[in-house]
Amino acid sequence: MPELVDLRSDTVTRPSPDMRRAMADADVGDDVYGEDPTVNALEEHVAALFGHPAALFVPSGTMGNQIAVRLIVPPADELICDADAHIVSYEGGGAAQHGGVQTRTLVAERGLLTPEALEPQLRPENYHTVPTRAVAVEQTHNRGGGAVYPIGLLKDLRALTSAYGLALHCDGARIWNAHVASGIALAEYGGLFDTLSVCLSKGLGAPIGSVVVISDEGMVTEARAIRRRLGGGMRQAGVLAAAGRFALEHNISRLAEDHAHAQQLATALDDAVPGLVEAAAVETNIVPLDLTVTSLDSATLAAQCRAEGVLVSAVGPRRVRLVTHLDVDDAAIDRAIDVVSRALVSAAAS
Ligand SMILES: *Cc1c(COP(=O)(O)O)cnc(C)c1O
């Protein structure tokens, strides 16, 4: 049987031989003492990419979001995000448990908040309300099918949050994909947010690591303290930071290939089963399949594909997700199209 084609997520990417060499050659020190030169250089580099003064290397995007949320929302106050946000879908209730933060969620088309939906929900400070302190957006939106927030919409959200004195956080796990798809500079995105969390371990291909980007240098000590409390203080983390630095240098512009592959998958699968996926809405590397136009449920489709060596994610009872990434080449895409469309067509015939 040929190698598996793993389209469950872009987190499954493995460090390449060149990346592993960069890791092996990294200069290291104790990062809890602030003495790892490779970590320090990565933090400075990522802060500069987004036009901010400071950044903090953390083990995961989840920890990055958790630290950022705690920097901008005091316990018992409120963070608003969309109802499908990673922060409320996939972080185990961490904002509530670790930060004592109340989240209020808005159902939003493809996960994208709008000022019109947001403004009526903002609550002023008042002893018997829960004051809104911050808003979080996700760029690109994971459960929104890799949707890219248009820059104009982000600017409007920034203007609104600033007018109300609120912080704006970006869960930028895949902001690199948004940057490549839109052509908007990372620094232009960065300038709109008080905090960002960006992943090195998704499509960029590093094995581990995210970075919290911080607009206020005064918050860095607090960010380090929260990271420590969460158990995220790492020692000779330069071996990991080196992978991140390698990923930033080599793997950003190639995300365009992943986007082209996603488009190819979406178009072919929609040809096989009309209405399954809106190819025009696939903007980056995520292809959401709506199985309500078929007789299949997502677990059945995922199991049939797995039996033929193609892995996809069931992200809802009738919703499947395919994610393209650097370990999926042209031949793998062709195979995935063949396997997934045969599973769909045989179900339609039965
Ligand atoms: C993957 C992801 C994260 C971080 O997830 P980890 O598994 O903790 O690295 C955060 N936000 C979004 C939108 C993601 O897709």
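Everything numeric in this text was worked out from a predicted model, so none of it was measured. (Residues numbered from 1 in each chain as written. Predicted model: local features only at pLDDT ≥ 70, side-chain atom pairs only at ≥ 80, totals over all residues. Heavy atoms only, no water.)

## A short note on the domain arrangement of the protein chain
Now for step 1: On domain assignment, one finds that the protein chain holds domain 1 (15-250) and domain 2 (254-349).
Now for step 2: Computed from C-alpha coordinates alone, the two centres of domain 1 and domain 2 are separated by 29 Å.
Now for step 3: Each side of the interface is counted separately: domain 1 has 17 residues, and domain 2 has 14 residues.
Now for step 4: Summing both sides of the interface, domain 1 and domain 2 together bury roughly 1,300 Å²; the carbon and sulfur share of this comes to 50%.
Now for step 5: Linking domain 1 with domain 2 are one salt bridge.
Now for step 6: Here domain 1 is connected to domain 2 by eight residue pairs in polar contact (both at pLDDT 80 or more). (Domains from an automatic or database assignment. Contact = heavy atoms within 4.5 Å. Buried area = accessible area lost by both parts, 1.4 Å probe. Salt bridge = Lys/Arg side-chain N within 4 Å of Asp/Glu carboxyl O. Polar contact = N/O pair within 3.5 Å; in protein donor to acceptor, adjacent residues only side chain to side chain.)

## What to know about helix α3 (residues 61-72)
Now for step 1: Look at α3: 17 Å from first C-alpha to last across 12 residues, which is about the 16 Å you get at 1.5 Å a residue.
Now for step 2: Listed in full, the buried residues belonging to α3 are Gly 61, Met 63, Gly 64, Asn 65, Gln 66, Ile 67, Ala 68, Val 69, Leu 71 and Ile 72. (Helix = DSSP H or I, 4+ residues; strand = E, 2+ residues; numbered from the N terminus. Expected span 1.5 Å × (residues − 1). Buried < 20%, exposed > 50% of the residue type's maximum accessible area, 1.4 Å probe, protein only.)

## A short note on the site of the ligand
Now for step 1: Neighbouring the ligand are the residues Ser 60, Gly 61, Thr 62, Asn 65, His 86, Glu 138, Asn 142, Asp 171, Ala 173, Arg 174, Cys 199 and Lys 202.
Now for step 2: Asp 171 places a polar side-chain atom, nitrogen or oxygen, 2.6 Å from a nitrogen atom of the ligand.
Now for step 3: Lys 202 is positioned such that a nitrogen or oxygen atom in its side chain is 2.8 Å from an oxygen atom of the ligand.
Now for step 4: Coverage of the ligand by the protein chains reaches 83% of its 380 Å² of free accessible surface.
Now for step 5: Here the shell around the ligand gets three residues from one element, more than from any other, and that element is α3.
Now for step 6: The residue inventory of the shell around the ligand, partitioned by class, reads two nonpolar, six polar and four charged. (Near = heavy atom within 4 Å. Areas by Shrake-Rupley, 256 points an atom, 1.4 Å probe, with all protein chains shown as cover. Nonpolar A, V, L, I, M, F, W, Y, C, P; charged D, E, K, R; others polar.)

## Section: the sheet that holds strand β12 (residues 319-323)
Now for step 1: The strand order across the open sheet formed by three strands is β9-β12-β11, and the pairing between neighbours is antiparallel. Two strands in the sheet have a free side with no partner beyond their single neighbour: β9 (286-290) and β11 (313-316). The average angle at which neighbouring strand axes cross in this sheet is 35 degrees, direction not considered.
Now for step 2: Along the sheet, helix α12 (residues 255-272) makes contact with β9 and β12, crossing β9 at roughly 20 degrees. (Pairing = 2+ DSSP bridges. Axes fitted to C-alpha atoms, helices over the stretch in contact; angles between N-to-C directions.)

## Observations concerning the packing of helix α1 (residues 17-24) against helix α11 (residues 238-250)
Now for step 1: Orientation of α1 relative to α11, taken along the N-to-C sense of each, is 135 degrees, at an axis distance of 8 Å. Overall, the two elements α1 and α11 adopt an arrangement that is oblique. Classified by chirality, the crossing of α11 by α1 is right-handed. Touching Asp 18, Met 19, Ala 22 and Met 23 of α1 are Val 239, Leu 240, Ala 242, Ala 243, Phe 246 and Ala 247, all from α11.
Now for step 2: For the contact of α1 with α11, the residue count by class is nine nonpolar, no polar and one charged. (Parallel < 35°, antiparallel > 145°, perpendicular 65-115°, else oblique. Left-handed = near helix turned anticlockwise from the far one by under 90°.)

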